[in-house]
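Tertiary structure, described
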Amino acid sequence: MKVDISAHERRIGAMFDRVSRRYDGLNRILSFGVDQRWRRRATDLARLGPHERALDVGAGTGDLALAILRSSAADTRVTAVDLSASMLRLCGLRAAGAGLTRRIDRVVGTANALPFPDASVDRVIAGFAVRNFADLAAGLREFRRVLCPGGRAVVLELSTPPNRLFGAIYRFYFEQLSPRVATFIGGDPEAYRYLPASVARHPSAEAVAALMRVAGFSAVRFERLTFGAATIHVGEA
Ligand SMILES: C[S@@+](CC[C@H](N)C(=O)[O-])C[C@H]1O[C@@H](n2cnc3c(N)ncnc32)[C@H](O)[C@@H]1O
């Protein structure tokens, strides 16, 4: 299947290609390791049963995909989809290091046209990826389309804390401090300017939940993590 990648997606893919080598280290430093706690919660919600299969959209270097495989039955599989071939290459190396190569497939592709048949997976997971989508509603429709009946989507994303005081501290850290820290330790300044802008543009948790309902999910709910610095959205197919 030939899929057209938009100019926006090409730009995002190229940016993640550039930051791929430093991505994991910078994440840990800039989030003080809290991102790993958030991923553990997402993993609990997305754990696979025997024979089940998940799609990790915007899988990057595979943090979520590998965590889910580690905590699920030995015959489960994950397909990691990402715009960035460099991120997926690192995902492959990490899978090999963890002895999980045989349970993970990697596909370069876009969330807006997932290269999978209708009703073909049991989970769709996305960690810190959906705010980058050119068309979030279309991406969520794709998540719903590929899920089997009884399947579940688990979407973990950065968000702006609703509390005004905490929100102001968070914005100062995110917009002023973290790009400087990232640049100082050798990160890509453009990427760390893009990061706060993409979070600021991302719809509220309530709005994302509404989009999930429109996309056809039922029992849609969300959990705010760390005062709303991140949010996990869950929807059932
Ligand atoms: C911030 S990283 C997160 C990686 C990983 N999920 C994690 O938890 O660390 C976002 C990833 O989403 C990918 N991405 C962004 N937009 C995408 C799209 N429309 N389709 C597929 N992947 C996308 C990027 O290339 C990048 O690797």
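Above: the structure in question.
What you are looking at is a predicted structure, and each value in this text was computed from that prediction instead of being measured. (Residues numbered from 1 in each chain as written. Predicted model: local features only at pLDDT ≥ 70, side-chain atom pairs only at ≥ 80, totals over all residues. Heavy atoms only, no water.)

1. Examining the overall build of the chain
Helix and strand counts for the chain come out as eight helices and seven strands. Relative to a compact globule of 237 residues, whose C-alpha radius of gyration would be 18 Å, the chain shows 17 Å and is just as compact. Considering only C-alpha atoms, the chain reaches an extent of 45 × 35 × 35 Å along its principal axes. Relative to its full complement of 237 residues, the chain shows a buried share of 52%. By sequence separation, contacts in the chain at least 24 residues apart represent 76% of the contacts at least 6 residues apart. (Helix = DSSP H or I, 4+ residues; strand = E, 2+ residues; numbered from the N terminus. Rg over C-alpha atoms; globule rule 2.2 N^0.38 Å. Buried < 20%, exposed > 50% of the residue type's maximum accessible area, 1.4 Å probe, protein only. Contact = heavy atoms within 4.5 Å.)

2. Quick look at the pairing of strand 2 (residues 77–82)
Here is the key point about a regular strand: its side chains alternate between the two faces of the sheet. Of all the six residues making up strand 2, five are buried; the element is thus mostly covered by neighbouring parts of the structure. In this sheet, strand 2 lies alongside strand 1 (residues 53–57) in parallel orientation, the contact comprising five bridges. When the sheet's bridge partners are listed, Ala54 is paired in strand 2 with Val78. Pairing of strand 2 with strand 3 (residues 104–108) involves five bridges; the strand directions are parallel. (Pairing = 2+ DSSP bridges.)

3. Here's the deal with the sheet that holds strand 7 (residues 230–236)
Hydrogen bonds along the backbone pair up the strands of a sheet, which may run parallel or antiparallel. Judged by pairing direction, the sheet is mixed, and its seven strands sit side by side in the order 3-2-1-4-5-7-6 without closing on themselves. Either end of the sheet is taken by a strand with one partner, and the two such strands are strand 3 and strand 6 (218–225). Recorded for the sheet is a direction-independent mean angle of 15° between the axes of neighbouring strands. On the sheet, helix 4 (residues 85–97) packs against strand 2 and strand 3 and is oriented at approximately 170° with respect to strand 3. (Axes fitted to C-alpha atoms, helices over the stretch in contact; angles between N-to-C directions.)

4. Examining the pattern of salt bridges
The final tally for this structure, using the stated rule, is 14 salt bridges. Notably, a salt bridge pairs Arg123 with Glu52, separated by 3.3 Å at the nearest N-O pair. With Arg123 in strand 4 (residues 121–127) and Glu52 in the loop between helix 2 (34–46) and strand 1, this pair connects stretches of sequence that are 71 residues apart. Given a relative accessible area of 11%, Arg123 falls into the buried group. (Salt bridge = Lys/Arg side-chain N within 4 Å of Asp/Glu carboxyl O.)

5. Remarks on the environment of Val154
Inspection of the secondary structure assignment puts Val154 in strand 5 (residues 147–158). Given a relative accessible area of 2%, Val154 falls into the buried group. Along the chain, Val154 and Arg10 lie 144 residues apart, while their C-alpha atoms are 25 Å from each other. If sequence neighbours within four positions are ignored, Val154 has contacts with Ala42, Leu45, Ala46, Val124, Ile125, Ala126, Ile232 and His233.

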